[in-house]
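# Coordinate analysis (summary)
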Amino acid sequence: FTMDHVETLGIGEVMKQTVEYLDPEKQHPFHLSFDVDGIDPEALSQTGTLFRAGLTPREANLIVRRLVHDRRLVSMDLV
């Protein structure tokens, strides 16, 4: 998904479609590799690669919360 998808569909729908695509049977856990470079530099400018019009802090938080809420997140790295 691109940021255009996030803006059009909303991060909730993007996450719903992502999880359904990756594990339609809802039987497998997830490892999340999260790169903070994808967060908008207005919210997080202390990164090496700035990505304008990136995720808001709320959207980034929702990605993690969605997997935690579904009890699917078993590990995560944050870079």
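Note that this is a predicted model, so its numbers are computed, not measured.

### Points about the overall build of the protein chain
Scanning the protein chain for helices and strands turns up 3 helices and 2 strands. Taken from N to C terminus, the helices and strands of the protein chain fall in the order α-α-β-α-β. Against the globule reference of 12 Å for 79 residues, the protein chain gives a C-alpha radius of gyration of 13 Å, in line with a compact fold. Seen through its C-alpha atoms, the protein chain measures out along the principal axes to roughly 35 × 25 × 15 Å. A burial count over the protein chain gives 28% of its 79 residues as buried. Contacts spanning at least 24 positions in sequence make up 58% of the contacts within the protein chain whose residues lie at least 6 apart. Treating the 8 positive side-chain charges of the protein chain as one cloud and the 13 negative ones as another, the clouds have centres 9 Å apart.

### Some details on the confidence of the model for the protein chain
The share of residues in the protein chain with pLDDT of 70 or more is 96%, and the mean pLDDT across the chain is 89. Per-element confidence in the protein chain ranges from a low mean pLDDT of 93 for helix 3 (residues 57-69) to a high of 95 for helix 2 (residues 11-22).

Reading the values: rules and limits
Residues take numbers from 1 onward in each chain, read along the sequence in its written order. Side-chain atom pairs in this predicted model are given and counted only at pLDDT of 80 or more, local residue features only at pLDDT of at least 70, and totals for whole chains, interfaces and linings cover all residues. Hydrogens are left out, water is left out, and the side-chain values use all remaining heavy atoms of the structure. Each helix is a run of H or I in the DSSP string that is no shorter than four residues. Each strand is a run of E no shorter than two, and both are numbered from the N terminus. The quantity called the radius of gyration is restricted to C-alpha atoms. Its globule counterpart is 2.2 Å times the number of residues to the power 0.38. Remark: exposure states derive from per-residue accessible area (1.4 Å probe, protein chains only) relative to the maximum for the residue type, with buried under 20%, exposed over 50%, and partly exposed in between. Contact definition: two residues touch when any of their heavy atoms are within 4.5 Å. Lys and Arg are tallied as positive, Asp and Glu as negative. Neither His nor the chain termini are counted. The atom standing in for a charge is NZ when the residue is Lys, CZ when it is Arg, CG when it is Asp and CD when it is Glu. pLDDT is defined as a per-residue confidence score from the predictor, taking values between 0 and 100.

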